[in-house]
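Listed below, chain by chain, are the residues.
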Amino acid sequence: ETGVTQSPTHLIKTRGQQVTLRCSSQSGHNTVSWYQQALGQGPQFIFQYYREEENGRGNFPPRFSGLQFPNYSSELNVNALELDDSALYLCASSLLPTKTEAFFGQGTRLTVV
Amino acid sequence: DQQVKQNSPSLSVQEGRISILNCDYTNSMFDYFLWYKKYPAEGPTFLISISSIKDKNEDGRFTVFLNKSAKHLSLHIVPSQPGDSAVYFCAASEVGANSKLTFGKGITLSVRP
């Protein structure tokens, strides 16, 4: 059974640029959620994808967008990067509708300069 | 507006003693609660969960207690081990929200040998 994997692990971008982060869900899982964890804070829900459709969104602007593919892997895209977007981005997979527990990848550390 | 609160940022206990980590919540729609453990440079790892229909759930050294009337839950670790030293996050999910988690800020637990 493969766990949740994210790429890249670290990334440095310039303000105004665009970034794409990738996530492979755990084997057998059909749902991917993305979270942003700023320094000293808990993870904050960005959005969730279930069967390739967005299934809920947190309080993040439209420049945060995502995709889920038929194999349940996912991408998080952030346009027009701002300095405050610097954070750890976590992907979590789960199996809906039967399970609430989400299993996390190791995260992508994004630094915007 | 913090819906899940972990008011103590850190806790230090002696190896072999009990660790009690507390969490309060304000949203009455939360019906499922989870604890995650996070080591540096890793993603959060699921520890234990509890449904709102229960007041206690136990898994080995870990027990979670839920007091719905007080909107309070706690994680007990007995006996504490040095390997338990990590950041612990309390998280909650709303009715029908399917693994969209709201996290607290986390508590840093240090277990002294």
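You'll find the structure just up there.
Here's a quick rundown of the structure. (Residues numbered from 1 in each chain as written. Chains lettered and ligands numbered in written order. Predicted model: local features only at pLDDT ≥ 70, side-chain atom pairs only at ≥ 80, totals over all residues. Heavy atoms only, no water.)

### A few points about the environment of Ser52(B)
Residues and elements named next belong to chain B. Among the structural elements, Ser-52 can be located in the loop between strand E5 (45–51) and strand E6 (56–59). The exposure class of Ser-52 is buried, given its relative accessible area of 19%. In this structure, the C-alpha to C-alpha distance between Ser-52 and Glu-15, residues 37 residues apart in sequence, is 31 Å. Ser-52 has contacts with Asp-31, Leu-66 and Lys-68, leaving out every residue within four places of it along the chain. (Helix = DSSP H or I, 4+ residues; strand = E, 2+ residues; numbered from the N terminus. Buried < 20%, exposed > 50% of the residue type's maximum accessible area, 1.4 Å probe, protein only. Contact = heavy atoms within 4.5 Å.)

### Quick word on the nonpolar core
If you look at the biggest cluster of nonpolar residues, it comprises 24 residues, and the most contacted ones within it are Phe33(B), Trp35(B), Leu73(B), Leu75(B) and Tyr88(B). Taken together, the elements giving at least two residues each to this core come down to strand E3 (19–25), strand E4 (30–38), E5, strand E7 (62–67), strand E8 (72–77), strand E9 (86–94) and strand E11 (107–112) of chain B. The element contributing the most residues to this core is E9(B), with 4 residues. Grouped together as the second largest cluster of nonpolar side chains are 19 residues, Leu21(A), Cys23(A), Ile46(A) and Phe47(A) included. (Core = buried A, V, L, I, M, F, W, Y, C linked by side-chain atoms within 4.5 Å.)

### Topic: the interface of chain A and chain B
Interfaces are often sized by the accessible area lost when the parts come together. Each partner contributes residues to the interface: chain A has 23 residues there, and chain B has 19 residues. Summed over both sides, the interface of chain A with chain B buries roughly 1,600 Å², with 59% coming from carbon and sulfur. Interface area lost by chain A to chain B is led by Thr100(A), Glu101(A) and Phe104(A), which between them contribute 31%. The tally of links from chain A across to chain B stands at 5 residue pairs in polar contact (both at pLDDT 80 or more). Contributing elements (two or more residues each) for the side of chain A that touches chain B: strand E4 (31–37), strand E5 (44–50), strand E6 (53–57), strand E9 (87–94) and strand E10 (103–104) of chain A. (Buried area = accessible area lost by both parts, 1.4 Å probe. Polar contact = N/O pair within 3.5 Å; in protein donor to acceptor, adjacent residues only side chain to side chain.)

### Focus on the environment of Cys91(A)
Residues and elements named next belong to chain A. Residue placement: Cys-91 occurs in strand E9. With a relative accessible area of 0%, Cys-91 lands in the buried category. Ignoring sequence-local partners within four residues, the contact set of Cys-91 consists of Val-4, Gln-6, Cys-23, Val-32, Ser-33, Trp-34, Phe-103, Phe-104 and Gly-105.

### A look at the side chain of Lys37(B)
Residues and elements named next belong to chain B. The residue Lys-37 is located in strand E4 in this model. Despite its burial, Lys-37 pairs with no opposite charge, the nearest such side chain being Asp-84 at 4.6 Å. Among the polar contacts made by the side chain of Lys-37, one reaches the side chain of Tyr-39 at a distance of 3.1 Å. (Lys, Arg positive; Asp, Glu negative; His and termini not counted. Salt bridge = Lys/Arg side-chain N within 4 Å of Asp/Glu carboxyl O.)

### Let's talk about a nonpolar patch on the surface
Together, Ile18(B), Ile20(B) and Val78(B) line one region of the surface with nonpolar side chains, adding up to about 220 Å² of accessible area. Tracing the backbone through its elements, the reader meets Val78(B) in the loop between E8 and E9. (Patch = residues over 30% accessible without salt bridge, like charges linked within 9 Å, V, L, I, M, F, W, Y side chains within 5 Å. Areas by Shrake-Rupley, 256 points an atom, 1.4 Å probe, with all protein chains shown as cover.)

### Notes on the state of the cysteines
Residue and element names in this part refer to chain A. Throughout the structure, instances matching the rule amount to 2 disulfides over all chains. With its sulfur 1.8 Å from that of its partner, Cys-23 forms a disulfide with Cys-91. Taking the sign of the S-S torsion, about -60 degrees here, the bridge from Cys-23 to Cys-91 comes out left-handed. With Cys-23 in strand E3 (residues 19–24) and Cys-91 in strand E9, the pair connects residues that are 68 residues apart, well separated along the chain. (Disulfide = S-S within 2.5 Å.)

### Looking at the pattern of salt bridges
When charged atoms on two side chains of opposite charge get close, those side chains can pair. Counted according to the given criterion, the structure contains 6 salt bridges over all chains. Note that Arg22(A) and Glu75(A) form a salt bridge whose closest N and O atoms lie 3.5 Å from each other. Of the two residues, Arg22(A) sits in strand E3 while Glu75(A) sits in strand E8 (residues 74–78), which places them 53 residues apart along the sequence. For Glu75(A), a relative accessible area of 15% corresponds to the buried category. The shortest N-O distance in the salt bridge between Lys56(B) and Glu58(B) comes to 4.0 Å. With a relative accessible area of 52%, Glu58(B) lands in the exposed category.

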